[in-house]
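One letter stands for each residue in the lines below.
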Amino acid sequence: MTTIDVVDLREHSADFLVDPYPFLHELRAGGPVHRVILPEFGETWVVVGYAAAKAALSHPGLTKDWRTATPRWRTWFAGDADAESPSFGKHMLMTDPPDHTRLRKLVAKAFTPQRIAALTSRIEEITDSLLDDFPADGHVDLVDALAFPLPISVICEVFGVDSLDRDKFREWTNKVVNPVGEDISTAARELGDYLNDLVESKRNRPTDDLFGALIGATDDAGGGLSASELRAMAFLLLGAGHETTLTLIANGVFALLSHPDQLAALRADYTLIDNAVEEILRYEGPIKNATWRFAGDPVEIAGVTIPGGGTEVLVALASGSHDPSRYPEPDNFDIRRDAGGHLAFGHGIHFCQGAALARLEGRIALRKLFERFPDIALDILPEKLAWRPGYLMRGFDRLPIRF
Ligand code: HEM
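A quick note: this is a predicted structure, and the numbers were derived from the prediction, not measured.

> Looking at this structure, I do not really get the site of the ligand. What am I missing?
Residues in close proximity to the ligand total 30 residues, the closest being His100, Arg104, Thr291, His350 and Cys352. A distance of 2.5 Å separates an oxygen atom of the ligand from a polar atom in the side chain of Thr291. Residue contributions to the shell around the ligand peak at seven residues, all from helix H13 (residues 227-257). When the residues that make up the shell around the ligand are grouped by side-chain class, the tally is 19 nonpolar, nine polar and two charged.

As structure tokens, then:
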């Protein structure tokens, strides 16, 4: 078995947060599989490079089943080594086939391409009204004014949740989705309780929305979603549905504003918008590393054996999407390049089920913003932007702009 040195990421933490790509290149140059020490978690395994990342994401030996994880991981994530699942329940990103297949099919039945395409005019309306509300003094935090409210409004409408306490929900999901080492058990429990109440009220009063469709959806065997599965599903769709899309919009605005030639090219030809959004996803994807996977038995990736026993494995999507063997000059932002095949939405059976919705929102938000404000600019020095800590998300909570 190849011996793998442990790379201590704590030494690089501040620089790594600001610009992880040089370090990810260095890691990839040393091979596709590494042991690293993460500041928030400690030692884990990480897979880098395009081919190895894809292989790991679709490797059946790397399970998503929470019960396989080591007690150390379960304690870290749930505050309880005996936890069967987190308090908000087991969702698709915590299950393997056949459970995963069943859950995914039920969502696919309710979350159809027609349902998503039909949202176009509503997303446009919400975007227009948010842009109308930009303050007259010409200074605004783009996250507060557009990148946060747009996706959360859309997903709440799709889900038929009009009473969501958005700030509270944002605070809980921020903590739970992107843990940075603090105790997340209180936030997870509060979120779990809140979702329980939501599911109960919806089950008692079925509605004509995605929630109603999920409550009514049955699989081929006539089975539907249990209350706890509905709660977990609500967590995944509401949480994944806003936090990531927020980051896509904010990262997209930042990338375009800091590359004036690319913004000029887009403004000269808005048919480039679809490609621009793909390039943003590749160049500065909202998710740095895919969600945790676990090796129950030893697993071989790109010739390296990862030991079993529940070993935690992260797949560095940001490294895959910046692999020069797949994307020439990968650290250049070029909205005309073919960014197809990037790993921002993952790969394999867990490929993002909301990708079409996220792309639609990203295209509408960016186009409308840049069309409306011809003189928009960053209102902060790029080096002063605070990149979010944590192993999962790549983005920031604030993006001051002027227009
Ligand atoms: C730009 C925005 C988004 C990005 C970058 C993104 C990224 C991802 C990634 C990387 C995964 C796979 C994680 C893994 O394999 O560990 C994933 C899964 C998932 N995403 Fe997204 N996502 C986005 C938006 C959305 C939206 C808007 C929704 C729903 C409304 C959504 C729902 C899901 C679901 C349900 C899964 C789990 C699929 C499964 O396990 O089969 N995502 N997403």
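After presenting the structure, the write-up continues.
> I would appreciate a short explanation of the nonpolar core in the present structure.
Most often, soluble globular proteins have nonpolar side chains that are buried together. Ranked by size, the top nonpolar core spans 93 residues in total, and within it Phe134, Leu214, Leu369, Phe370 and Leu399 carry the most contacts. With 16 residues, H13 is the largest single contributor of residues to this core. Discounting residues that sit within four places of it in the chain, Phe370 has contacts with Val253, Leu256, Leu257, Leu263, Arg267, Tyr270 and Ile376. Trp45, Trp76, Leu314 and Met393 belong to the second largest nonpolar core, which has 47 residues in total.

> How should I be thinking about the coordination of the iron atom of the ligand in this particular structure?
For a metal bound by four donors in tetrahedral geometry, the ideal donor-metal-donor angle is 109.5 degrees, whereas six donors in octahedral geometry ideally sit at 90 or 180 degrees. Its sole protein donor being Cys352 (SG), the iron atom of the ligand sits 2.3 Å from that atom. Among the secondary structure elements, Cys352 is positioned in the loop between helix H16 (317-320) and helix H17 (355-372).

> Could you clarify how one ought to interpret the sheet that holds strand E6 (residues 293-295) in this entry?
Two modes of strand pairing occur in sheets, parallel and antiparallel, and in both the strands are linked by backbone hydrogen bonds. Here we have six strands laid out as an open sheet, ordered E1-E2-E3-E9-E6-E4, and mixed in their pairing. Here the strands that pair on one side only, and so sit at the sheet edges, are strand E1 (6-8) and strand E4 (62-63).

> Help me understand the pattern of salt bridges, please; the structure alone is not making it clear to me.
For side chains bearing opposite charge, pairing can occur when the charged atoms are close. Under the defined criterion, the tally for this structure stands at 23 salt bridges. Between Asp8 and Arg10 there is a salt bridge, with the nearest N and O atoms lying 2.9 Å from each other. What makes Asp8 buried here is its relative accessible area of 19%. Residue classification places Arg10 among the partly exposed residues on the basis of a relative accessible area of 45%. Note that Glu371 and Arg367 form a salt bridge whose closest N and O atoms lie 2.9 Å from each other.

Rules of the game
- Residues numbered from 1 in each chain as written.
- Predicted model: local features only at pLDDT ≥ 70, side-chain atom pairs only at ≥ 80, totals over all residues.
- Heavy atoms only, no water.
- Near = heavy atom within 4 Å.
- Polar contact = N/O pair within 3.5 Å; in protein donor to acceptor, adjacent residues only side chain to side chain.
- Helix = DSSP H or I, 4+ residues; strand = E, 2+ residues; numbered from the N terminus.
- Nonpolar A, V, L, I, M, F, W, Y, C, P; charged D, E, K, R; others polar.
- Core = buried A, V, L, I, M, F, W, Y, C linked by side-chain atoms within 4.5 Å.
- Buried < 20%, exposed > 50% of the residue type's maximum accessible area, 1.4 Å probe, protein only.
- Contact = heavy atoms within 4.5 Å.
- Donors = N, O, S within 2.8 Å, 3.2 Å for Na, K, Ca; no water.
- Pairing = 2+ DSSP bridges.
- Salt bridge = Lys/Arg side-chain N within 4 Å of Asp/Glu carboxyl O.

Any functional reading would require information beyond the geometric quantities listed.
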